[in-house]
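# Examining the three-dimensional arrangement
Given next are the chains, with one letter for each unit.
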Amino acid sequence: MKIFVVNCGSSSLKYQLIDMENESVLAKGLCERIGIEGSKLTHTPSGGEKFEKETPMPSHKDAIKLVLEALTDKDHGVIENTDDITAVGHRVLHGGNIYTDSIQVNDDVKKVIRECFDLGPLHNPANLIGIEACEAAMPGKPNIAVFDTAFGMSMKEKAYLYAIPSEYYEKYKVRRYGFHGTSHKFVSGEAIKFGGLDPKTAKVIVCHLGNGASISASIGGKCVDTSMGLTPLEGLIMGTRSGDIDPAVLQFICNHENIDVNEMLTILNKKSGILGMSGGISSDFRDVGKAADEGNEKAKNALEAFRYRVAKYIGAYAAAMNGVDAIAFTAGVGENDKEARKLICEEYLGYLGVKIDDDANNVRGKNAVISAPDSKVKVMLLPTNEELAIARETLEIVSK
Ligand code: AMP
């Protein structure tokens, strides 16, 4: 069985074709600048040469058509025709408070995705366009929506309600939803398997530390809390996002700079985080790390604040679960930056009995236990794989 995984952004489309017999990637690729001048498809068949094509892609429909042509091409294709594809799994950002799990797309599902446009204005419209493009290109093929918010739906009211007048939840469903849910679900599941933990009771904290960063607490694989909120802006310090902030800061800066709340939110989403704190050096953790190594104080402060915020959340989530069995690091920084993992654990988490083994921590990009044998909490590096997670969810639904 082969699952086609599609992740549509507003002007991009990432895809993978995964053979579920052995969970191997047959081909992957990217369409960039959809609807903009200079559109380009990059297609890489597994073990083959990268194929690039610059051609106009006025819409996601055109992009899907090109991708299917590439997948079935006699030179760089990997399947005979689209009949070889069992189903399509779509990453969908927001399922509101309706969908607690992945689901096969029908008219009702599309209606909910549409109703959530204001909750995910950059992603949900593109996600729906991707679904409709696949429906048009492959009529009758099952399309499965895998929601980034689904994992967070198991949170209780005490974790997901904001302390604001209840009418805003009742009228507009303003609550904490959480994002990166596919990654948190995948990695917390891997932590249970790889760490040999009890699948029903394991208390796991997953630190998804990348350009976007979030942290989750789960018991037995079910989310009890997560750091992103109504939107991905809340929580940790990220590449360009501020994470948690006193809302009064918005009013204060708006008044002094004579800007409105929309401009302020753009600043908090796009110009803050380590980019903003470092004085504009970069949103990329490696660049800021290099500047810090060269003695730049703002860069040092930005990275220290990032690690401090992660550690504060770990402490909070250990309290929320009344204990923690395992902490898992994942995503760009979590998988590659041994220094960040070590400093977060050693500077702040000794009281929990966390001990890192330096040799074991000298690893990147593969499953590993990085804590010492006598550490009270198992600390792991577990690479995330959102495409595989989407493919697994898709297969599970079409196999029912
Ligand atoms: P992601 O969003 O998960 O792709 O993560 C991207 C971030 O991971 C970028 O800011 C990278 O700088 C960061 N990253 C990747 N490798 C390293 C590394 N070796 N050390 C520190 N940060 C890294």
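The following paragraphs examine the structure supplied in this document. (Residues numbered from 1 in each chain as written. Predicted model: local features only at pLDDT ≥ 70, side-chain atom pairs only at ≥ 80, totals over all residues. Heavy atoms only, no water.)

Residues Ile164, Tyr168 and Tyr172 make up a contiguous nonpolar surface patch of roughly 300 Å² in combined accessible area. For Ile164, the location among the structural elements is in the loop between helix H4 (157–160) and helix H5 (167–172). Look at Ile164 and you get partly exposed, because its relative accessible area is 41%. (Patch = residues over 30% accessible without salt bridge, like charges linked within 9 Å, V, L, I, M, F, W, Y side chains within 5 Å. Areas by Shrake-Rupley, 256 points an atom, 1.4 Å probe, with all protein chains shown as cover. Salt bridge = Lys/Arg side-chain N within 4 Å of Asp/Glu carboxyl O. Helix = DSSP H or I, 4+ residues; strand = E, 2+ residues; numbered from the N terminus. Buried < 20%, exposed > 50% of the residue type's maximum accessible area, 1.4 Å probe, protein only.)

The eight strands lie next to each other as S5-S4-S3-S2-S1-S6-S8-S7, forming an open sheet whose pairing is mixed. A single partner strand is all that each edge strand has here, and the edge strands are strand S5 (51–54) and strand S7 (103–104). Bridging between strand S3 (residues 24–32) and strand S4 (residues 40–45) involves six bridges; their strand directions are antiparallel. Paired with Gly29 across the strands is His43, a residue of S4. Relative to the sheet, helix H2 (residues 107–115) contacts strand S6 (85–92), S7 and strand S8 (143–147), its axis offset from that of S8 by approximately 35°. Packing of helix H15 (residues 386–398) onto the sheet brings it into contact with strand S1 (2–8), strand S2 (13–19), S6, S7 and S8, and relative to S6 it is tilted by some 125°. (Pairing = 2+ DSSP bridges. Contact = heavy atoms within 4.5 Å. Axes fitted to C-alpha atoms, helices over the stretch in contact; angles between N-to-C directions.)

A word on the layout of surface pockets. Space inside the second largest pocket adds up to approximately 730 Å³. Lining the second largest pocket are 29 residues, with Asp101, Phe151, Lys185, Glu393 and Glu396 positioned closest to its centre. When contributions to the lining of the second largest pocket are tallied by element, the ones reaching two or more residues are S8, helix H6 (181–194), strand S11 (222–226) and H15. Examining the composition of the lining of the second largest pocket, we find that nine residues originate from one element, H6, more than from any other. (1 Å grid on protein atoms, 1.4 Å probe; cavity = no way out; pocket = protein on both sides within 12 Å on 5 of 7 lines; lining within 4 Å. Points joined across faces, edges and corners; volume = space filled by probe spheres on them.)

Turning our eyes to something else, we now look at the pairing of S1. Within S1, six of the seven residues are buried, which leaves it mostly tucked inside the rest of the structure. As consecutive antiparallel partners, S1 and S2 are separated by four residues. As defined by bridge partners, S1 adjoins S6 across five bridges and the pair is classed as parallel. Note that in S6 the partner of Lys2 across the bridge is Ile85.

Turning our eyes to something else, we now look at the pattern of salt bridges. Under the definition given, this model contains 22 salt bridges. In this structure, Lys74 and Asp75 form a salt bridge, with 3.8 Å as the shortest nitrogen-oxygen distance. With a relative accessible area of 64%, Asp75 lands in the exposed category. With a shortest N-O distance of 3.7 Å, Arg392 and Glu190 are connected by a salt bridge. In this pair, Arg392 sits in helix H15 while Glu190 sits in helix H6, placing the two residues 202 residues apart along the sequence. Here the salt bridges share partners, and the residues they tie into one network are Glu23, Glu190, Lys193 and Arg392.

Around the ligand, the surrounding shell consists of Gly210, Asn211, Asp284, Phe285, Arg286, Ala331, Gly332, Val333, Asn336, Asp337 and Arg364. A distance of 2.9 Å separates an oxygen atom of the ligand from a polar backbone atom of Asn211. Bound to the protein, the ligand loses 73% of the 500 Å² it would expose on its own. Going through the elements one at a time, helix H10 (285–293) and helix H12 (331–336) are the ones with two or more residues in the shell around the ligand. Of all the elements, H12 adds the most residues to the shell around the ligand, at four residues. (Near = heavy atom within 4 Å. Polar contact = N/O pair within 3.5 Å; in protein donor to acceptor, adjacent residues only side chain to side chain.)

Glancing now at unusual backbone geometry. With glycine set apart, most residues show a phi of negative sign, and most peptide bonds adopt trans. Even without being glycine, Arg33 reaches a positive phi, approximately 55°. Structurally, the position occupied by Arg33 is in the loop between S3 and S4. Of the residues examined, Arg33 reaches a relative accessible area of 41% and is grouped as partly exposed. Notably, Asn258 is not glycine yet its phi reads approximately 55°, a positive angle.

Overall, the coordinates contain one cavity of 30 Å³ or more when judged by the stated rule. The space that makes up the largest cavity amounts to roughly 30 Å³. In this structure, the largest cavity is lined by Asp148, Phe151, Gly152, Tyr177, Gly178, Phe179, Gly181, His184, Cys223 and Thr226. Put simply, the parts of the chain that give the lining of the largest cavity at least two residues each are H6 and S11. Taken together, the residues of the lining of the largest cavity break down into four nonpolar, five polar and one charged. (Nonpolar A, V, L, I, M, F, W, Y, C, P; charged D, E, K, R; others polar.)

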